[in-house]
Amino acid sequence: MTNRRTPFSPRAAARRPLTRRSALLGGAGLMGLGLAACGSDTGSGEGGGGESGGGGGTITLGYIPSWTDGRSTAHLLDNRLTAMGYEVEHEQITEAGVLYAGLAQGDVDMFPSAWPEVTHASYMEEYGDSIEDLVAYYEGAVLNLSVPEYVDITSIDELAGQADRFGGRIVGIEPGAGLTEATQEKVIPGYGLDDFELVTSSTPAMITELENAIAAEEDIVVTLWTPFWAMPAYSMKALEDPEGHFGEAEALHHLGRQGFGEDFPDAAEWISQVTMTDEEFGSLEDMVVNQFEEGQEAEAVEKWLEENPDVLPPVEGE
C-alpha cells in the first residue's frame, strides 16, 4: 500500500487567499445564473483585465483543484507569468461546466488544463465561440476504467456479469465531469454493464474509496484517466476499451477567454510555445502532489523548474 498523500481538499491558492468570486463560482447556486454578475476583484469587466504590450495586469486562472493536472499547471503558469510581470489570481471551481461558463463569460482569463477535444467536447460546443485555444501542451490523454493490479481483469468487457464481485458499483468522480458522462452514457450501455451503478461524488471521495479497497485487497473498479498521479501511485491497471467507447486519445490544452491574446499578447505568445512530454508532465504533477506538502505548490514548482530548466520556453530577462 502506498504511503502517498491525497492532497485534494479545496483550499485557497498558496500565494493569495481565495476571493469572493471564488466562492460564488464554486457554489451550487450558480446553476442557471449568469457568471458575469459575480463581478471582479480587479476592477476589470473581463477576468483580471489586461494591458496591451509587455507584461502587466492581472491574469486569473480558473481550475478544479481536485483535478491535479489543472492544479499543477496553474501553479506552473503562476510562476512563469509572475516572472513576466503579471499579477496572478487563482479561482478554484467545483464543476467543469461552471468553469467553462466562467471562462466564456470572462470571469476567469485562463483554464490551465482543459480536455476540449473529447472529454469536454459538449462544453466546447456550447461555449467554444467565446474561448481562445492557446495551445495543446500535452498529447495522449486518455479516459479509462481502472482496477488495482491484483484484480484479474484486463478489459472492460470482462466486467459484464460480474457486478456482484464489485458490489454492483463503479466508483466515479464529480457528476459534471466529462469522464462521468462518457461512462454513464457510452461505456455502461456499450458494454452491457447495466447491472452496475455509477456512484458519483468527487475525486477525493473516489481516491478515499480506492485507498480503503486496496488496504483490504478488495475488488474495486473506478473511473480514472492518464496523465494522473494516482495511476502509478496506487499501481492501477487501465482496462482495455476494445469498442472505443471512451473515445480517442486527446490533447490537454491551455484555454483562454475571448480576447486573451489581444489583452495579453506576450503571455499568449509564450504560452503558445509550451509543450510537455509524458515524462515531463508526470514529474511536474508528482512534484506538486506528492513531493511537497499541501500549500507548498509554489515551492514545488520552483524545485521542478530547477530540475527541468529546459522544458519551458525562456522568459525574457531571466
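Quick look at the structure, then. Note that the coordinates shown come from a computational prediction; the quantities given were computed from them, not determined experimentally.

Comments concerning the pairing of strand β1 (residues 58–63)
The side chains of a regular strand alternate between the sheet's two faces. With respect to burial, β1 is a largely interior element, six of its six residues being buried. Of the two faces of β1, the one holding Thr-58, Thr-60 and Gly-62 and the one holding Ile-59, Leu-61 and Tyr-63 are both buried throughout. Pairing of β1 with strand β2 (residues 87–92), which is carried by six bridges, proceeds in the parallel orientation. Bridge pairing links Tyr-63 to Gln-92 in β2. After leaving β1, the chain enters helix α2 (residues 68–83) and then returns to the sheet as β2, a path that is right-handed.

Some points on the pattern of salt bridges
Across all of its chains, the model carries eight salt bridges by this definition. Glu-209 is paired through a salt bridge with Arg-169; the nearest N and O atoms lie 2.9 Å apart. Residue Glu-209 is found in helix α6 (residues 203–215), and its partner Arg-169 is found in strand β5 (residues 169–171); the two are separated by 40 residues along the sequence. Its relative accessible area of 29% is what places Glu-209 among the partly exposed residues. Lys-303 serves as the salt-bridge partner of Glu-307, at 3.5 Å between the closest nitrogen and oxygen.

Quick look at the packing of α2 against helix α11 (residues 297–307)
Contact geometry of α2 with α11 gives a least axis separation of 9 Å together with a crossing angle of 75 degrees. Between α2 and α11, the crossing angle belongs to the class labelled roughly perpendicular. Between α2 and α11, the contacting residues are Arg-71, His-75, Leu-76, Asn-79 and Arg-80 on the first element and Glu-297, Val-301, Glu-302, Trp-304 and Leu-305 on the second.

Let's talk about the nonpolar core
In this structure, Leu-145, Ile-156, Leu-159, Val-221, Tyr-234, Phe-260 and Trp-304 are the most contacted members of the largest nonpolar core, which totals 96 residues. Residue contributions to this core peak at nine residues, all from strand β4 (residues 131–148). Residues in contact with Leu-159, not counting those within four places in the same chain, are Leu-145, Ile-153, Phe-166, Leu-193, Phe-196, Val-221 and Leu-239.

With respect to helix α5 (residues 178–190)
Compared with the 18 Å implied by 1.5 Å per residue over 13 residues, the 17 Å span of α5 between its first and last C-alpha is a close match. At Gln-184, α5 shows its largest bend, some 35 degrees. Residues Gly-178, Leu-179, Thr-180, Ala-182, Thr-183, Val-187 and Ile-188 constitute the buried set of α5. Those residues of α5 that are buried are in contact with β4, β5, β6 (197–199) and β7 (222–226).

Re the packing of helix α10 (residues 278–291) against α11
At a minimum axis distance of 8 Å, the contact between α10 and α11 shows a crossing angle of 145 degrees. In this structure, α10 crosses over α11, and the sense of that crossing is right-handed. Of the residues in α11, those touching α10 at Glu-280, Ser-283, Leu-284, Met-287 and Val-288 are Glu-297, Ala-300, Val-301, Lys-303, Trp-304 and Glu-307. Partitioning the contact of α10 with α11 into residue classes produces six nonpolar, one polar and four charged.

Some details on the pairing of β4
Pairing of β4 with strand β9 (residues 250–257), which is carried by eight bridges, proceeds in the antiparallel orientation. Looking at the pairing, Ile-131 lines up with Arg-257 of β9. Two strands pair when backbone bridges link them, and β4 and β7 are joined in this way by five bridges, in the antiparallel orientation. Counted as the bridge partner of Leu-145 is Thr-223 from β7. Pairing between β4 and strand β8 (residues 236–238): three bridges, direction antiparallel. For Val-147, the partnering residue across the bridge sits in β8 and is Lys-237.

Notes on the environment of Val-88
Within the secondary structure, Val-88 is located in strand β2. Looking at Val-88, the relative accessible area reads 0%, which means it is buried. Between the alpha carbons of Val-88 and Leu-61 there is a distance of 7.3 Å; along the sequence they are 27 residues apart.

Things to note about empty space enclosed by the protein
Applying the stated criterion across every chain yields a total of four cavities of 30 Å³ or more. In this model, the largest cavity occupies a volume close to 100 Å³. In this structure, the largest cavity is lined by Trp-67, Asp-69, Trp-115, Thr-119, His-120, Leu-143, Ile-173, Ala-177, Gly-178, Leu-179 and Trp-225. Taken together, the residues of the lining of the largest cavity break down into seven nonpolar, three polar and one charged.

Let's talk about the environment of Ala-249
Its place among the elements puts Ala-249 in the loop between β8 and β9. Given a relative accessible area of 47%, Ala-249 falls into the partly exposed group. Sequence-wise, Ala-249 and Val-118 are 131 residues apart; in three dimensions their C-alpha atoms are separated by 8.1 Å. Sequence-distant contacts of Ala-249, defined by excluding residues within four places in its chain, comprise Gly-140, Ala-141 and Val-142.

Rules used throughout
Residues numbered from 1 in each chain as written. Predicted model: local features only at pLDDT ≥ 70, side-chain atom pairs only at ≥ 80, totals over all residues. Heavy atoms only, no water. Buried < 20%, exposed > 50% of the residue type's maximum accessible area, 1.4 Å probe, protein only. Helix = DSSP H or I, 4+ residues; strand = E, 2+ residues; numbered from the N terminus. Pairing = 2+ DSSP bridges. Right-handed = clockwise from strand over helix to strand, strands pointing away. Salt bridge = Lys/Arg side-chain N within 4 Å of Asp/Glu carboxyl O. Axes fitted to C-alpha atoms, helices over the stretch in contact; angles between N-to-C directions. Parallel < 35°, antiparallel > 145°, perpendicular 65-115°, else oblique. Contact = heavy atoms within 4.5 Å. Core = buried A, V, L, I, M, F, W, Y, C linked by side-chain atoms within 4.5 Å. Expected span 1.5 Å × (residues − 1). Bend = angle between axes of the 7 residues up to and from the residue. Left-handed = near helix turned anticlockwise from the far one by under 90°. Nonpolar A, V, L, I, M, F, W, Y, C, P; charged D, E, K, R; others polar. 1 Å grid on protein atoms, 1.4 Å probe; cavity = no way out; pocket = protein on both sides within 12 Å on 5 of 7 lines; lining within 4 Å. Points joined across faces, edges and corners; volume = space filled by probe spheres on them.

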